[in-house]
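Here is how the chains run, residue by residue.
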Amino acid sequence: MSAPATQGTHHVSPGAKDLVRIEGVHKYFGQHHVLRGIDMTVKNGEVAVLIGPSGSGKSTLLRCINHLETISAGRIRVDGELIGYREHAGKLHELTVKEVARQRRNIGMVFQRFNLFGHKTALENVIEAPVQVKGQNKAVAKKRALELLDQVGLSDRAGHYPAQLSGGQQQRVAIARALAMEPELMLFDEPTSALDPELVGDVLNVMKDLAASGMTMIVVTHEIGFAREVGDTLTFMDGGVVVESGNPREVIANPQHERTQAFLSKVL
Ligand SMILES: Nc1ncnc2c1ncn2[C@@H]1O[C@H](COP(=O)(O)OP(=O)(O)OP(=O)(O)O)[C@@H](O)[C@H]1O
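Residues numbered from 1 in each chain as written. Predicted model: local features only at pLDDT ≥ 70, side-chain atom pairs only at ≥ 80, totals over all residues. Heavy atoms only, no water.

An unreviewed UniProt entry lists the protein under the name Amino acid ABC transporter ATP-binding protein, from Sinomonas cellulolyticus. The Subcellular location (unreviewed entry) field of the UniProt record for the protein holds the comment "Cell membrane". (UniProt positions renumbered as here; feature names shortened; annotations may be inferred.)

Dropping the structure here:
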């Protein structure tokens, strides 16, 4: 059976299971209703790109997926496991810090600001979590970290400190650092928006290679070219709701909603 026209294209195998299931998610900050009933699924291997105006709730949604924010209602599951909570008799009970930490190991996150440890080299930044959190043998972690630095094009920068690296290089170290935990899912929150324009392409290329390797990714970005070329799905959020979602090329060429059209006309 051929894939429906609105479904993702190149990264998703036929019959791939849902890795992420977001159902009826609401988020309030005090009285401020920021997420207003989000439903979204991301299949194994899918690159899901999220776009939308400032304040539409994209970052909040990403942060809810790894429980950096608690949700006010709804359910988020990654690989079938409820994130942040245990359900008992229809009620949600928050998991312990230790249990949440275990879930987060499976979900890598890359932020707009790369916040590497300034007093550690690129290599030390990458081996930090596998050694400290996973208790991995240092030699094993180092070997893997060097492979990852090579993967992000920085094998010759392993001994450099963040201050000796460009913003783009630091962001690529941050990606290698997230990958060092062998996550099943990677979340990217505007990973290139703090970078000088000439450094954006290198970071997007690393993300493109990662997508080609089969990583499941949710990417918040204003890079519409990346969304069109690499995304399997494009989701437009506004005012805390999903306005429309579909094949990136179709959404960009033929948005179904005025709000999507108005947003795209500003960023294209
Ligand atoms: N910790 C917080 N406390 C209170 N309000 C918050 C908090 N975090 C986010 N908000 C509010 O939630 C709304 C959504 O913010 P969010 O950062 O998710 O939007 P966004 O779509 O990612 O925007 P941007 O593209 O500017 O990053 C905004 O109005 C923001 O001020």
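From this point, the discussion proceeds with the structure in view.
Undergrad: Provide a residue-level description of the site of the ligand, including the pertinent values.
TA: Taken together, Phe 29, His 32, Val 34, Pro 53, Ser 54, Gly 55, Ser 56, Gly 57, Lys 58, Ser 59, Thr 60 and Glu 190 form the complete shell of residues around the ligand. At a separation of 2.6 Å, an oxygen atom of the ligand approaches a polar side-chain atom of Ser 54. Within the backbone of Ser 59, an N or O atom sits 2.8 Å from an oxygen atom of the ligand. Coverage of the ligand by the protein chains reaches 61% of its 640 Å² of free accessible surface. Listed by contribution, the elements that provide at least two residues to the shell around the ligand are strand E2 (32-43) and helix H1 (58-65). (Near = heavy atom within 4 Å. Polar contact = N/O pair within 3.5 Å; in protein donor to acceptor, adjacent residues only side chain to side chain. Areas by Shrake-Rupley, 256 points an atom, 1.4 Å probe, with all protein chains shown as cover. Helix = DSSP H or I, 4+ residues; strand = E, 2+ residues; numbered from the N terminus.)

Undergrad: Got a sec to walk through the pairing of strand E12 (residues 241-246)? Specific residues and values, please.
TA: Of the strand pairs in this sheet, strand E11 (residues 233-238) and E12 are connected by 5 bridges, and their pairing is antiparallel. Its bridge partner being in E12, Thr 235 is matched across the sheet by Ser 245. The loop that links E11 with its antiparallel partner E12 comprises 2 residues; one of these, Gly 239, has a positive phi angle of about 60 degrees. (Pairing = 2+ DSSP bridges.)

Undergrad: Let's hear about the packing of aromatic side chains: which residues, and what values?
TA: One pass over the full model with this rule turns up 1 aromatic pair. The interplanar angle of 40 degrees and the centroid separation of 5.3 Å between the aromatic rings of Phe 236 and Phe 263 together place this pair among those described as tilted. Here Phe 263 lies in helix H9 (residues 258-267) and Phe 236 lies in strand E11, a separation of 27 residues in the sequence. Considered together, Phe 236 and Phe 263 belong to a single accessibility category, that of buried residues. Of note, Arg 177 hangs over the ring of Phe 117, and the distance from its end group to the ring centre comes to 5.9 Å. (Phe/Tyr/Trp six-rings, centres within 6.5 Å; stacked < 30°, edge-to-face > 60°. Buried < 20%, exposed > 50% of the residue type's maximum accessible area, 1.4 Å probe, protein only. Lys NZ or Arg CZ within 6 Å of the ring centre and 35° of its normal.)

Undergrad: Run through the sheet that holds strand E5 (residues 81-82), naming residues and quoting values.
TA: Across the sheet, which stays open at both edges, the 4 strands sit in the order E2-E1-E4-E5 with antiparallel pairing between neighbours. A single partner strand is all that each edge strand has here, and the edge strands are E2 and E5. Bridge count for strand E1 (residues 18-29) against E2 is 9 bridges, and the pairing is antiparallel. Of the residues in E2, the one forming a bridge with Val 25 is Ile 38. Lying on the sheet, H1 is in contact with E1, E2 and strand E4 (73-78); it crosses E2 at an angle near 60 degrees. (Contact = heavy atoms within 4.5 Å. Axes fitted to C-alpha atoms, helices over the stretch in contact; angles between N-to-C directions.)

Undergrad: Provide a residue-level description of the packing of helix H3 (residues 122-132) against helix H5 (residues 167-179), including the pertinent values.
TA: Two elements in contact, H3 and H5, have axes whose closest approach is 8 Å; the angle formed by their N-to-C orientations is 25 degrees. With respect to each other, H3 and H5 are oriented roughly parallel. Two packed elements cross with a definite hand, and for H3 against H5 that hand is right-handed. Residues Ala 122, Asn 125 and Val 126 of H3 form the contact with H5, whose participating residues are Val 173, Ala 176 and Arg 177. Across the contact of H3 with H5, the residue classes break down as 4 nonpolar, 1 polar and 1 charged. (Parallel < 35°, antiparallel > 145°, perpendicular 65-115°, else oblique. Left-handed = near helix turned anticlockwise from the far one by under 90°. Nonpolar A, V, L, I, M, F, W, Y, C, P; charged D, E, K, R; others polar.)

Undergrad: I'd like a description of the UniProt feature "domain: ABC transporter" (unreviewed entry) in the protein, backed by residues and values.
TA: This chain's UniProt record puts "domain: ABC transporter" (unreviewed entry) on residues 20-264. In this annotation, residues 20-264 is assigned 37% helix and 28% strand; the end-to-end C-alpha distance for the span is 26 Å.

Undergrad: Which residues make up the pattern of salt bridges, and what are the values?
TA: Under the criterion given, the structure shown has 18 salt bridges. In this structure, Arg 157 and Asp 156 form a salt bridge, with 2.8 Å as the shortest nitrogen-oxygen distance. The salt bridge partner of Asp 202 is Arg 172, with a shortest N-O separation of 3.9 Å. On the criterion of sequence distance, the pair formed by Asp 202 in helix H6 (residues 197-212) and Arg 172 in helix H5 is long-range, its members being 30 residues apart. Via salt bridges that share partners, Asp 18, Arg 21, Glu 23, Lys 43, Arg 75, Arg 77 and Glu 87 belong to a single interconnected network. (Salt bridge = Lys/Arg side-chain N within 4 Å of Asp/Glu carboxyl O.)

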